[in-house]
Amino acid sequence: MSPTITVAVCTRDRAEVLAEALAALLAEVGGVPGVEVLVVDNGSADGTAALLADLDEVRAVCEPVPGLSAARNRALAESAADWIVYLDDDAFVWPGWLAALRGAISRPGVVLVGGPIEPRFPTPPPAWFDPASVRRTFGPEGPLPDAAARRGFSGGNLAVRRDALEAVGGFDPALGMVAGRLGLGEETEMAGRLFDRFGNATWHAPAMGADHLEPAWKQRPGYVARRAFVNGRQAWRYADGGRGRQAGFSALKAGKQTAEGLARLAGAAVRPRLLHGAIRGLATGAGAAVGVARALRGE
């Protein structure tokens, strides 16, 4: 008997794109025995409630506490399935996604499964923007290398065995998006706890892919820099050991990213896409430098 599956889509004020994403998802899994689609509405004030009320194949719940981690934990509490799959509300699953997922989760001992994510650009990105920066690929089919397994997969296309996720306490509500505030890293931090508890129990399923919407506002220098800064600022959270080790990790990251950013900046006049890497490197380095103090304080 195949493991049962809850496909959880957490959303907030994204009714239009949610409708498209759910249409793609239901075309793949709608009516399949043992698979439910659960949408967690994290306080939407647009037409999300009306959209969900018209979808008989979708179970909808509301999570009033703002934050993507809170919404994901609500999905965990609501599910009785063997596996929970987390999809972004602007992710469009590929044909064959379910078959690839089922093949991966049927493997003995696996607790964390992920697939690739390819960008979907509504308009062509600017010349300085590197499209490869928003691709998520994880190598050949099979378990990730140990270092990568500790970081896990992108949370936009991620499957976790429910009892394993419960055993490590779900997602950290201090991490991730909260309403309009940019936050990152909740799936990475969770993957580290799974690794500590279960070892390398990952599986990458290359055919379990999804396209992810990349709107024009995400291709602006300010957004790229802000996202990179937030990523660098919390890097110490993923280092093993005490405060000194975590601060040292962030200090090394700050130096490395800043050096790489400066090197790319020097070549950007000849190769415009290097400007993207320069912005990311310099902003990540600045964030990691701030993270050193946070690590020492144990925030």
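Look up a bit, the structure's there.
Below you will find a few notes about this structure. (Residues numbered from 1 in each chain as written. Predicted model: local features only at pLDDT ≥ 70, side-chain atom pairs only at ≥ 80, totals over all residues. Heavy atoms only, no water.)

**Quick word on the packing of aromatic side chains**
Aromatic ring pairs are described here by two measures, namely the spacing of the ring centres and the angle between the planes.
Phase 1 of the analysis: Under the criterion given, the structure shown has five aromatic pairs.
Phase 2 of the analysis: Ring centres 5.3 Å apart and planes at 90° place the aromatic pair Tyr86 and Phe171 in the edge-to-face group. Note that Tyr86 is positioned in strand S4 (residues 83–87) and Phe171 in the loop between helix H6 (162–167) and helix H7 (186–198), a separation of 85 residues in sequence. Of the two residues, Tyr86 and Phe171, both sit in the buried class.
Phase 3 of the analysis: Each ring, one from Trp128 and one from Phe129, has its centre 5.8 Å from the other, and the planes form 80°; the classification is edge-to-face.
Phase 4 of the analysis: Linked through ring pairs, Phe121, Trp128 and Phe129 together constitute an aromatic cluster.
Phase 5 of the analysis: Against the face of Phe171 rests Arg72, its NZ or CZ located 5.4 Å from the ring centre. (Phe/Tyr/Trp six-rings, centres within 6.5 Å; stacked < 30°, edge-to-face > 60°. Helix = DSSP H or I, 4+ residues; strand = E, 2+ residues; numbered from the N terminus. Buried < 20%, exposed > 50% of the residue type's maximum accessible area, 1.4 Å probe, protein only. Lys NZ or Arg CZ within 6 Å of the ring centre and 35° of its normal.)

**What to know about the nonpolar core**
Phase 1 of the analysis: Core analysis: the biggest nonpolar cluster contains 30 residues, and Ile5, Leu22, Leu25, Trp97, Leu101 and Val113 have the highest contact counts within it.
Phase 2 of the analysis: Among the elements that take part in this core, helix H4 (residues 97–105) stands out by supplying six residues, more than any other.
Phase 3 of the analysis: For Val113, the contacting residues outside a window of four places in its chain are Trp83, Ala104, Ile105, Phe153, Asn157, Leu158, Ala159, Trp203 and Met208.
Phase 4 of the analysis: Within the second largest apolar cluster, 29 residues are counted, among which are Ala71, Ala149, Val160 and Phe171. (Core = buried A, V, L, I, M, F, W, Y, C linked by side-chain atoms within 4.5 Å. Contact = heavy atoms within 4.5 Å.)

**Let's talk about the pairing of strand S1 (residues 5–11)**
Phase 1 of the analysis: For S1, the tally of buried residues reaches seven of seven residues, placing the bulk of the element in the interior.
Phase 2 of the analysis: Residues Ile5, Val7, Val9 and Thr11 of S1 are buried on one face, and the alternating residues Thr6, Ala8 and Cys10, pointing to the opposite face, are buried as well.
Phase 3 of the analysis: Across seven bridges, the pairing between S1 and strand S2 (residues 35–41) is parallel. The partner of Ala8 across the bridge, within S2, is Leu38.
Phase 4 of the analysis: Chirality of the crossover, the property in question, places the unit of S1, helix H1 (residues 15–29) and S2 among those that are right-handed. (Pairing = 2+ DSSP bridges. Right-handed = clockwise from strand over helix to strand, strands pointing away.)

**Focus: the sheet that holds strand S5 (residues 91–93)**
Strands in a sheet are paired, the pairing made by backbone hydrogen bonds, and the direction either parallel or antiparallel.
Phase 1 of the analysis: Pairing in this open sheet of three strands is mixed, and the strands run S5-S10-S7 from one edge to the other. Pairing within the sheet leaves two strands with one partner each, and these edge strands are S5 and strand S7 (117–120). Shown here is a sheet whose adjacent strand axes are inclined to one another by a mean of 30°, direction ignored.
Phase 2 of the analysis: As paired elements, S7 and strand S10 (residues 210–213) share four bridges and run parallel to each other. Opposite Glu118, over in S10, you have Asp211 as the bridge partner. (Axes fitted to C-alpha atoms, helices over the stretch in contact; angles between N-to-C directions.)

**A look at the pattern of salt bridges**
Phase 1 of the analysis: Within the structure shown, the criterion is met by 16 salt bridges.
Phase 2 of the analysis: For Asp89, the salt bridge is made with Arg14, and the minimal N-O distance between the two is 3.5 Å. Taken together, the residues Asp89 in the loop between S4 and S5 and Arg14 in the loop between S1 and H1 connect sequence positions 75 residues apart.
Phase 3 of the analysis: The partly exposed category is assigned to Arg14, whose relative accessible area is 30%.
Phase 4 of the analysis: A salt bridge links Glu118 to Arg135, with the shortest nitrogen-to-oxygen separation between them at 2.9 Å. (Salt bridge = Lys/Arg side-chain N within 4 Å of Asp/Glu carboxyl O.)

**Some remarks on the sheet that holds S1**
Phase 1 of the analysis: Taken together, the seven strands give an open sheet; going across it, the order is S3-S2-S1-S4-S8-S6-S9, and neighbouring strands pair in mixed fashion. The strands lining the two open edges of the sheet, one partner per strand, are strand S3 (58–62) and strand S9 (202–204). Along the sheet, successive strands turn relative to each other by an average axial angle of 20°, direction set aside.
Phase 2 of the analysis: Contacts from H1 reach S1, S2, S3 and S4, with the element oriented near 165° to S2.

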